[in-house]
Amino acid sequence: MKLIAHGGAGGDPDQPEQRQAVLNEAVDRGAGAQTPLDAVETTLRHLESNPRFNAGVGGAVQSDGVSRTEAGLMTGEGNVGAAASMAGVEHAVSVARIVLEETPHVLLTGDHATELASDYGIETDRDLISESARERWDTAPAPPTDGPRAQLEWVQEQFGGSDTVGAVATDGISIAVATATAGRWFALAGRVGDVPQVGSGFYASETAAASATGAGEDIARSTLARLAVRHVDDGATPKAAAEAALTEFEALTESTAGIIVMDQKGRRGSAFNSASMQTASDTDR
């Protein structure tokens, strides 16, 4: 199994060595999986359980004080599943896989996605707010409590952050990608970012797959993951594709992002224009 993963593009992380060790362990676990879909799910589940990453436990908190998770999965055969805006769900990537494998749909959101997760035995009542996330929320200016319209000025002032986790895997025959996050800090409650949007936070073709991370609204506007995969489809190497897609993204948005790309042969590449983006792959082990 060939696998590459990222821990999000953004500012320089606290304790990067410890964070990298968790990312390396996640890749080790994923690389031992039986299929590419198993590999990306296994990798992301490990990262979703670690509060050093903005996915699952310890993720960003929205304007109502609730942390909500989202994820998307895709295979080179065009099978897609995504889930978004789920409170209390640590493993959004596994809910996305249920949508992919068990439903005729591409994306489920909110309470209905959470109910589906519960029906398939996924825990849906986790306290996702870590000690450090609670401290960040408690020390920020309090948002207005009289509705979303009243909160918009507060959101404009406080909204930020960009971390995501993602992975691409191939066994030399098939390829799969997954991306997961708890979104961006202090977003309006119910905000859904690029992560569960096909072509934006994740995309796959028979040739390659990509997972994007960064400023979600700008990634969605530019369909960053799809841009990168299309470059590989047109003959570029994954490294060249990642760099070209990021150059296009920056020209379109003047924003920051990162991306990992892998082709069906297991060649890989990455690029970012933020301060930092940690990655790990099976070749590093």
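The structure we're discussing is the one just above.
Described in the following lines is the structure provided in the data block. Along each chain, residues carry numbers from 1 onward, in the same order as the chain's sequence is written. A pLDDT threshold of at least 70 governs which residues receive local features in this predicted model, and a stricter bar of 80 or more applies before side-chain atom pairs are shown or counted, although totals over entire chains, interfaces and linings include all residues. Values shown for side chains rest on all heavy atoms present in the structure; no hydrogens or waters enter the calculation.

Observations concerning the layout of surface pockets
Thinking step 1. Lining residues are those with an atom within 4 Å of a point, where the points come from a 1 Å grid over the protein atoms alone and group into cavities, where a 1.4 Å probe fits but cannot get out, or pockets, open sets with protein on both sides within 12 Å along at least five of seven lines. Grid points are joined across faces, edges and corners, and a volume is the space filled by probe spheres set on the points. When its volume is computed, the largest pocket comes out at roughly 660 Å³.
Thinking step 2. Taken together, 28 residues make up the lining of the largest pocket; nearest its centre are Asp14, Pro51, Arg52, Arg136 and Asp163.
Thinking step 3. Working definition: helices are DSSP H or I runs of at least four residues, strands are E runs of at least two. Numbering for both runs from the N terminus. Among the secondary structure elements, those contributing two or more residues to the lining of the largest pocket are strand 1 (2-10), helix 5 (131-139) and strand 11 (276-281).
Thinking step 4. Residues are grouped as follows: nonpolar covers Ala, Val, Leu, Ile, Met, Phe, Trp, Tyr, Cys and Pro; charged covers Asp, Glu, Lys and Arg; every other residue, Gly included, is treated as polar. Its residues assigned to classes, the lining of the largest pocket comprises seven nonpolar, 14 polar and seven charged.

Quick look at the pattern of salt bridges
Thinking step 1. Between Lys or Arg on one side and Asp or Glu on the other, a salt bridge is scored when a side-chain nitrogen of the former is within 4 Å of a carboxyl oxygen of the latter. For the structure on display, the rule yields 13 salt bridges.
Thinking step 2. Among the charged side chains, a network of salt bridges with common partners joins Asp38, Glu41, Arg97 and Glu101.

Points about unusual backbone geometry
Thinking step 1. Unlike most non-glycine residues, Gln15 shows phi in positive territory, near 45°.
Thinking step 2. Looking at where Gln15 falls in the secondary structure, it is placed in the loop between strand 1 and helix 1 (16-31).
Thinking step 3. Any residue under 20% of the maximum accessible area for its type is buried, any over 50% is exposed, and the rest in between are partly exposed; the area is computed with a 1.4 Å probe on protein chains only. Accessibility expressed as a relative area gives 44% for Gln15, which makes it partly exposed.
Thinking step 4. One non-glycine residue, Thr223, adopts positive backbone phi at about 45°.

Examining the sheet that holds strand 7 (residues 202-204)
Thinking step 1. Pairing between strands is defined by DSSP: at least two bridges between the two strands are required. Pairing is antiparallel in the open sheet, where four strands are placed in the order 7-8-9-10. Single-partner strands in this sheet number two, and they are strand 7 and strand 10 (268-272). Recorded for the sheet is a direction-independent mean angle of 10° between the axes of neighbouring strands.
Thinking step 2. The sheet contact formed by strand 7 and strand 8 (residues 208-214) spans three bridges and is antiparallel. Bridge assignment links Tyr203 to a residue of strand 8, and that residue is Ala210.
Thinking step 3. Relative to the sheet, helix 9 (residues 238-253) contacts strand 9 (257-263) and strand 10, its axis offset from that of strand 10 by approximately 25°. Angles shown run from 0 to 180 degrees and are taken between the N-to-C directions of axes, each axis being a line fitted to C-alpha atoms and, for helices, limited to the stretch in contact. Here a residue-residue contact requires only that any non-hydrogen atoms of the pair lie within 4.5 Å.

A short note on the packing of helix 8 (residues 224-233) against helix 9
Thinking step 1. In the contact formed by helix 8 and helix 9, the axes pass within 8 Å of each other and the chain directions differ by 140°. Taken as axis vectors, helix 8 and helix 9 run oblique relative to one another. In the packing of helix 8 onto helix 9, the handedness of the crossing is right-handed. For the pair formed by helix 8 and helix 9, the contact residues are Leu224, Leu227, Ala228, His231 and Val232 on the first element and Pro238, Ala241, Ala244, Ala245, Leu246, Glu248 and Phe249 on the second. Should an angle lie under 35 degrees it is considered roughly parallel, over 145 roughly antiparallel, and from 65 to 115 roughly perpendicular; all remaining angles are considered oblique. Left-handed describes a crossing in which the near helix is turned anticlockwise from the far one by less than a right angle; the clockwise case is right-handed.

Some remarks on the side chain of Asn50
Thinking step 1. With respect to the secondary-structure elements, Asn50 resides in the loop between helix 2 (36-48) and strand 2 (68-75).
Thinking step 2. As used in this structure description, the phrase polar contact means that two N or O atoms lie within 3.5 Å; if the pair is within protein, one of them must be able to donate a hydrogen and the other to accept it, and residues adjacent in sequence are counted only when both atoms belong to side chains. Among the polar contacts made by the side chain of Asn50, one reaches the main-chain amide nitrogen of Arg52 at a distance of 2.9 Å.

A closer look at the sheet that holds strand 3 (residues 80-87)
Thinking step 1. The seven strands are arranged 4-3-2-6-5-1-11 in an open sheet whose pairing can be described as mixed. Two strands lie at the open edges of the sheet, namely strand 4 (107-109) and strand 11, each paired on one side alone. The sheet shows a mean angle of 10° between the axes of neighbouring strands, taken without regard to direction.
Thinking step 2. The pairing of strand 5 (residues 165-170) with strand 6 (residues 175-181) spans six bridges and is classified as antiparallel. By the bridge assignment for strand 6, Ala167 is matched with Ala178.

Some words on the packing of helix 1 against helix 2
Thinking step 1. Where helix 1 meets helix 2, the closest approach of the two axes is 8 Å, and the angle between their N-to-C directions is 150°. When the axes of helix 1 and helix 2 are compared, the pair comes out roughly antiparallel. Relative to helix 2, helix 1 is oriented so that their crossing is right-handed. Only Ala39, Thr42, Thr43, His46 and Leu47 of helix 2 make contact with helix 1, whose side of the interface consists of Val22, Leu23, Glu25, Ala26, Val27, Arg29 and Gly30.

Considerations on the nonpolar core
Thinking step 1. Take the buried residues of types Ala, Val, Leu, Ile, Met, Phe, Trp, Tyr and Cys, join any two whose side-chain atoms come within 4.5 Å, and each joined set is a nonpolar core. Counting 38 residues, the largest nonpolar core has Val40, Leu44, Leu47, Leu73, Met86, Val95 and Val165 as the members making the most contacts within it.
Thinking step 2. Those residues within four positions of Met86 in sequence are excluded, and the remaining contacts are Ser67, Arg68, Thr69, Ala92, Val95, Gly110, Ala113 and Thr114.
Thinking step 3. With 33 residues, the next largest nonpolar core counts Leu227, Val229, Phe249 and Met262 among its residues.

From the geometry alone we can't say anything about function, so treat these as descriptive.
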